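Coordinate inspection notes
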Amino acid sequence: IFYLKQLIELNSWSSDQISEPDYECRLNSYKEISNNIEKLHEDKSEYLCLFYHCLYELNHSINDLSLREYASQCIHLFIKQIPSYQTYLLTEIRAVLKQSNILQNIRHEFLRHLSYLIDNNNNDNEDLIDLKRLRNYTDIEVDFFHNITHVQNHRRLRALKRLKLIHDEESFHLTTINNYLLPTVCSFINDVINDDTKDINDDIVFICLTKLSEKLTWMKYNQLFISYFRQLTTNKKILNLTQKRCLTRTVSAIIDGFHFQLDNTSESKLSSIVILFDLKLNF
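Residues numbered from 1 in each chain as written. Predicted model: local features only at pLDDT ≥ 70, side-chain atom pairs only at ≥ 80, totals over all residues. Heavy atoms only, no water.

A few words now on the nonpolar core. Core analysis: the biggest nonpolar cluster contains 81 residues, and Leu114 and Val205 have the highest contact counts within it. For this core, the element with the most residues is helix α10 (residues 174-193), which contributes ten residues. Residue contacts for Val205: discarding those within four places in its chain leaves Leu157, Leu160, Val185, Phe188, Ile189 and Ile200. (Core = buried A, V, L, I, M, F, W, Y, C linked by side-chain atoms within 4.5 Å. Buried < 20%, exposed > 50% of the residue type's maximum accessible area, 1.4 Å probe, protein only. Helix = DSSP H or I, 4+ residues; strand = E, 2+ residues; numbered from the N terminus. Contact = heavy atoms within 4.5 Å.)

Have a look at this one:
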């Protein structure tokens, strides 16, 4: 059976070096899959196994660029041939973006796949339609997805400035913010906390965080605040000065995004609000 043969070859190991993958066999299998995807016309679980293996490759074959490139190519071909797979890819993208300790190059890889889905939105997904405003097909230098995945940090910050500009013109949908935009903005902060990058020297990260926080529901807003405030208070002994400074600015930016009415507020919610404003005064 085609898919079983390919799964075996995609997981093949070298007969000479047991701990090393058989790269030639794996690459040939990807080529075979690419050549046969156009013959697949049904959404069968057998094919989904191959699709998920490609997603696994993007997450775990960190240093194997050739395998990652072939996996990405196959993912695009699967999406083109079986549009329903778009849902599975979007689920994986959301999961990756929300991981606070995900490696930057993996995150960027999935953001590039998100831009591909935006350009090839077969299921009329509302979030993808909303995100399409960030695309610029006439000038790639101002395109959000081109810049947010750029190797240079100042280009990624440029993407956030573009995000703020478009959000100010017309606010993004709440689901778009929760699923894609807020995790992307928070990734700049998480990279500092994880000691993957140096300090954030541009206020645009915190400005965007405030702007997006202004659109959140109380539950999501409170979760966001607590997640960073706890890191600042419980890990302060192991955090360096740069990380403490970043977390302090993060908590302050979230508080600046407070936008809730105090009428008919429950006692527990009100107590949380009092704590927020007390912290803001201390900052």
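Once the structure has been displayed, the description carries forward.
Here the structure, examined in full by the defined rule, presents eleven aromatic pairs. Ring centres of Phe51 and Phe78 lie 5.7 Å apart, and the angle between their planes is 85°; on these two criteria the pair is classed as edge-to-face. Of the two residues, Phe51 sits in helix α3 (residues 45-60) while Phe78 sits in helix α4 (residues 65-81), which places them 27 residues apart along the sequence. Directly above the aromatic system of Phe172 lies the positively charged group of Arg133, at a separation of 4.1 Å from the ring centroid. (Phe/Tyr/Trp six-rings, centres within 6.5 Å; stacked < 30°, edge-to-face > 60°. Lys NZ or Arg CZ within 6 Å of the ring centre and 35° of its normal.)

The N-to-C vectors of helix α9 (residues 153-169) and α10 enclose an angle of 140°; their axes lie 11 Å apart at closest approach. Classed by the angle they form, the pair α9 and α10 counts as oblique. Crossing hand, α9 versus α10: left-handed. From α9, Asn153, Arg156, Leu157, Leu160, Leu163 and His167 reach across to α10, where they touch Ile177, Leu181, Val185 and Phe188. For the contact of α9 with α10, the residue count by class is seven nonpolar, two polar and one charged. (Axes fitted to C-alpha atoms, helices over the stretch in contact; angles between N-to-C directions. Parallel < 35°, antiparallel > 145°, perpendicular 65-115°, else oblique. Left-handed = near helix turned anticlockwise from the far one by under 90°. Nonpolar A, V, L, I, M, F, W, Y, C, P; charged D, E, K, R; others polar.)

This part takes up helix α13 (residues 241-256). Counted at 1.5 Å a residue, the expected span for α13 with its 16 residues is 22 Å, and the 22 Å between its end C-alpha atoms agrees. Within the span of α13, buried status applies to Gln243, Cys246, Leu247, Thr250, Val251, Ser252, Ala253, Ile254 and Ile255. Two or three places before Thr242, at the opening of α13, Asn240 has a side-chain oxygen 3.1 Å from that residue's backbone nitrogen. (Expected span 1.5 Å × (residues − 1). Polar contact = N/O pair within 3.5 Å; in protein donor to acceptor, adjacent residues only side chain to side chain.)

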